[in-house]
Amino acid sequence: MALANIVVHLDSGSRSAERLALAVALARRHGARLTGLFAEVTPAHRVGVVSSWPPAEHVAAVAAARAAFEVATADLAERVRFVDVNRGGEQEILSRTTDIVRAFDLVILGQSEEGSRTPQDLPEQIILESGRPVLMVPNAGSYPNIGHRPIFAWHRSRGAARALHDALPLIVPGADGLIVEAGGPGHASDEFEELVVSDLAANGVSARFQNVVVEEVRLMDTLLNQAADHSADLMAIGAFDGAGFAFFGRGSGTRYMLRHMTLPVLFSH
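Residues numbered from 1 in each chain as written. Predicted model: local features only at pLDDT ≥ 70, side-chain atom pairs only at ≥ 80, totals over all residues. Heavy atoms only, no water.

## A few points about the packing of helix 7 (residues 219-229) against helix 8 (residues 252-260)
Any two packed helices are characterised by how steeply their axes cross, that is the angle between the axes, and by the distance between the axes. Formally: Between N-to-C directions, angles cover 0 to 180 degrees, with each direction set by a line fitted to C-alpha atoms, over the stretch in contact for helices. Only DSSP runs of H or I reaching four residues or more are called helices, and only runs of E reaching two or more are called strands; each is numbered from the N terminus. When an angle is under 35 degrees it counts as roughly parallel; over 145 it counts as roughly antiparallel; between 65 and 115 it counts as roughly perpendicular; any other value is oblique. What makes a crossing left-handed is the near helix being turned counterclockwise from the far one by less than a right angle; a clockwise turn instead makes it right-handed. In this description, contact between two residues means that some pair of their heavy atoms is separated by no more than 4.5 Å. Polar here means any residue outside two lists: the nonpolar Ala, Val, Leu, Ile, Met, Phe, Trp, Tyr, Cys and Pro, and the charged Asp, Glu, Lys and Arg; Gly therefore counts as polar.
Where helix 7 contacts helix 8, the axes come no closer than 9 Å and their chain directions differ by 45 degrees. Between helix 7 and helix 8, the interaxial angle falls into the category oblique. In this structure, helix 7 crosses over helix 8, and the sense of that crossing is right-handed. In this structure, helix 7 uses Met220, Asp221, Leu223 and Leu224 to contact helix 8, whose residues at the interface are Gly253, Thr254, Tyr256, Met257 and His260. Taken together, the residues that form the contact of helix 7 with helix 8 break down as five nonpolar, three polar and one charged.

Rendered as structure tokens:
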């Protein structure tokens, strides 16, 4: 299963280069097109009561991002494109970026950084409204080659099923996977777990199924601990999916994972 069209969010933050490196690696692996999408908050230049756009600050930031993108993607030849959202207001950036990324197979975003000019609500907005799988890159660490040791957050739910299958293009043949079904005390394990294991095997992923009993407030930490124990390089999770926990059904679990992720996470909604 291959990706054909990838978009990566770029800005002037320190982690933009790490997101771009991962996006380029995936584009090479799949022979895919790669679009660099520059978007960050920048106030318009103001002289008296008159504002003008774009200000020199924005022009310089775009030029620097474009130059870095061209260097990183030099070997992708004609399969690259650079797009500037060309807006400085937060709401315009959220709206236009969401509209743009709907036209891609995979969206790559970065975890919020201290002092970043990217709207903090951008990941949540894209996950909720774009209809596309979103690969989030943590704000620490290097991830040049993901998909060898995936972990799947599983529950009998639409979100978990979609996340597992949306992640398949990111997983290399022969990967060693772990399916984790975490539930509260007394929850019944999925009687069809062998079908899930078999489905992954049919897609070239050797995986085992693990049931974990947790308290509701520890669910996301438990998943992150399981990922660490598995030495996982990718997590797939249904976003804004209660997964049997009423508290997380309101989105608190997804927001917690967005803040505390320690590895690349594919969110599907």
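Here the narrative resumes.
## Quick look at the pattern of salt bridges
Put simply, the rule is: We define a salt bridge as a side-chain nitrogen of Lys or Arg found within 4 Å of a carboxyl oxygen belonging to Asp or Glu. Under the scheme applied here, a residue whose accessible area is under 20% of the maximum for its type counts as buried, over 50% as exposed, and between as partly exposed, the area being computed with a 1.4 Å probe on protein chains only.
The full count for this structure, using the stated rule, is eight salt bridges. Put simply, arginine 28 and aspartate 75 hold a salt bridge, and the shortest N to O gap is 2.9 Å. One end of the pair, arginine 28, is in helix 1 (residues 16-30); the other, aspartate 75, is in the loop between helix 2 (56-72) and strand 5 (80-84), with 47 residues separating them in the sequence. The residue aspartate 166 makes a salt bridge to arginine 162 at a minimum N-O spacing of 3.3 Å. Residue aspartate 166 and its partner arginine 162 are both found in helix 5 (residues 158-167); the two are separated by four residues, about one turn of the helix. For aspartate 166, a relative accessible area of 22% translates into the label partly exposed. Take arginine 162: its relative accessible area is 27%, and that puts it in the partly exposed class.

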